[in-house]
Amino acid sequence: MEKIYNEILSQVYGARFKEYGATAKGSFWLNRQRQEARFRIIAQELSRLANGTAVNIADIGCGYGAFANYLLETRDLEVFEYTGYDICPQLIEKCRHHSPSKAFNFEVASAPLLPTMFTVMSGTYNLSVTLDIKNWEDYVLTCLETCWKQTTFAMIFNLQVEERSMITKNNIYYANKVATLEACNTRFGPTKVITNNEIPKDATFVALRAG
Ligand SMILES: C[S@@+](CC[C@H](N)C(=O)[O-])C[C@H]1O[C@@H](n2cnc3c(N)ncnc32)[C@H](O)[C@@H]1O
């Protein structure tokens, strides 16, 4: 199922990029403010955990490179290596053409190719390509597990959340926050969840590699 979903996702995001270009809308975000609110939460958590140490980051589902630009613009964090990964080759091609720095690289893949301190995902699993909630949640967990294997320090990802998990008729996935937290604590390391009033239907999960 994973291969088929990745192929469909690549086509859907490629078509959206062709229509709207390198914009928040081109990545299925409602607007840039909400896209950046998510980046801010992830970057704050990265800074807190890095505690002044230079870091390497894998950004899974990097899209057109908006988080890479955000990191370079804000400079809150010392990044010695950043790799943006995406399943959509058109997006990776765009990122490579506009790579903001030699330390910033881009690859077509759904998980880090090398062990990396921090793995992050923003909005990566929000758009489902099935209305079957079980199949989609299995897919998301499989993707997260593959990423977790290459994560040496922490995995930070956001999902949209609701009282119970569901997929809307527009294919937007909402996770159950408590169930996701339990799954992360069981399969990954000790996990906490961050919520923010600016984006009330979002939750950011931070799973730590213990020991
Ligand atoms: C909603 S967009 C978010 C893009 C970017 N993170 C941002 O916030 O601007 C989701 C991106 O994740 C990519 N994607 C979806 N599923 C993926 C997966 N399993 N592995 C890697 N990339 C994926 C899509 O191609 C798309 O570019």
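Preceding this paragraph is the structure being described.
Remember, predicted model here, so these are calculated numbers, not experimental data. (Residues numbered from 1 in each chain as written. Predicted model: local features only at pLDDT ≥ 70, side-chain atom pairs only at ≥ 80, totals over all residues. Heavy atoms only, no water.)

J.: I tried to follow the nonpolar core on my own but got confused; where do I start?
T.: Considering soluble globular proteins, one finds that nonpolar side chains tend to be buried as a cluster. Core analysis: the largest hydrophobic core is formed by 67 residues, its most contacted members being Leu-46, Ile-57, Phe-67, Tyr-82, Tyr-125 and Trp-136. Ranked by the residues each element gives to this core, the list is headed by helix H2 (residues 32-50), at eight residues. Sequence-distant contacts of Tyr-82, defined by excluding residues within four places in its chain, comprise Ile-57, Asp-59, Cys-62, Phe-67, Ala-68, Leu-71, Ala-103, Phe-104, Asn-105 and Phe-106. (Core = buried A, V, L, I, M, F, W, Y, C linked by side-chain atoms within 4.5 Å. Buried < 20%, exposed > 50% of the residue type's maximum accessible area, 1.4 Å probe, protein only. Helix = DSSP H or I, 4+ residues; strand = E, 2+ residues; numbered from the N terminus. Contact = heavy atoms within 4.5 Å.)

J.: I'm lost on H2 in this one. Help?
T.: Because an α-helix completes one turn every 3.6 residues, residues spaced three or four positions apart along the sequence face the same direction. Taking 1.5 Å of rise per residue, 19 residues should cover 27 Å, and H2 covers 26 Å from first to last C-alpha, within 8% of that figure. Each element contacted by the buried residues of H2 is listed here: strand S1 (55-60), helix H3 (66-74), strand S4 (116-121), strand S5 (151-162), strand S8 (191-194) and strand S9 (202-208). (Expected span 1.5 Å × (residues − 1).)

J.: Is there a simple way to explain the site of the ligand in this structure?
T.: The immediate surroundings of the ligand are formed by 24 residues, with Ser-27, Gln-35, Gly-61, Asp-86 and Tyr-139 found nearest. One of the side-chain N or O atoms of Gln-35 is found 2.8 Å from an oxygen atom in the ligand. Between the ligand and Gly-61, the relevant distance is 2.7 Å, taken from a nitrogen atom to a main-chain nitrogen or oxygen of the residue. Its free accessible area being 600 Å², the ligand has 99% of it covered by the protein chains. Put simply, the parts of the chain that give the shell around the ligand at least two residues each are helix H1 (2-20), H2 and helix H5 (133-149). Of the residues assigned to the shell around the ligand, the class counts are 14 nonpolar, nine polar and one charged. (Near = heavy atom within 4 Å. Polar contact = N/O pair within 3.5 Å; in protein donor to acceptor, adjacent residues only side chain to side chain. Areas by Shrake-Rupley, 256 points an atom, 1.4 Å probe, with all protein chains shown as cover. Nonpolar A, V, L, I, M, F, W, Y, C, P; charged D, E, K, R; others polar.)

J.: How should helix H4 (residues 89-97) be read in this particular structure?
T.: Among all positions in H4, only Leu-91, Ile-92, Lys-94 and Cys-95 are buried. Looking down the long axis of H4, one finds its buried residues gathered within 160° of arc, a one-sided arrangement. In H4, those exposed residues whose orientation departs by more than 90 degrees from the buried face are Glu-93 and His-97. Looking at the packing, one finds that the buried side of H4 touches H1, strand S2 (79-86) and strand S3 (104-108). (Arc of directions from axis to C-beta.)

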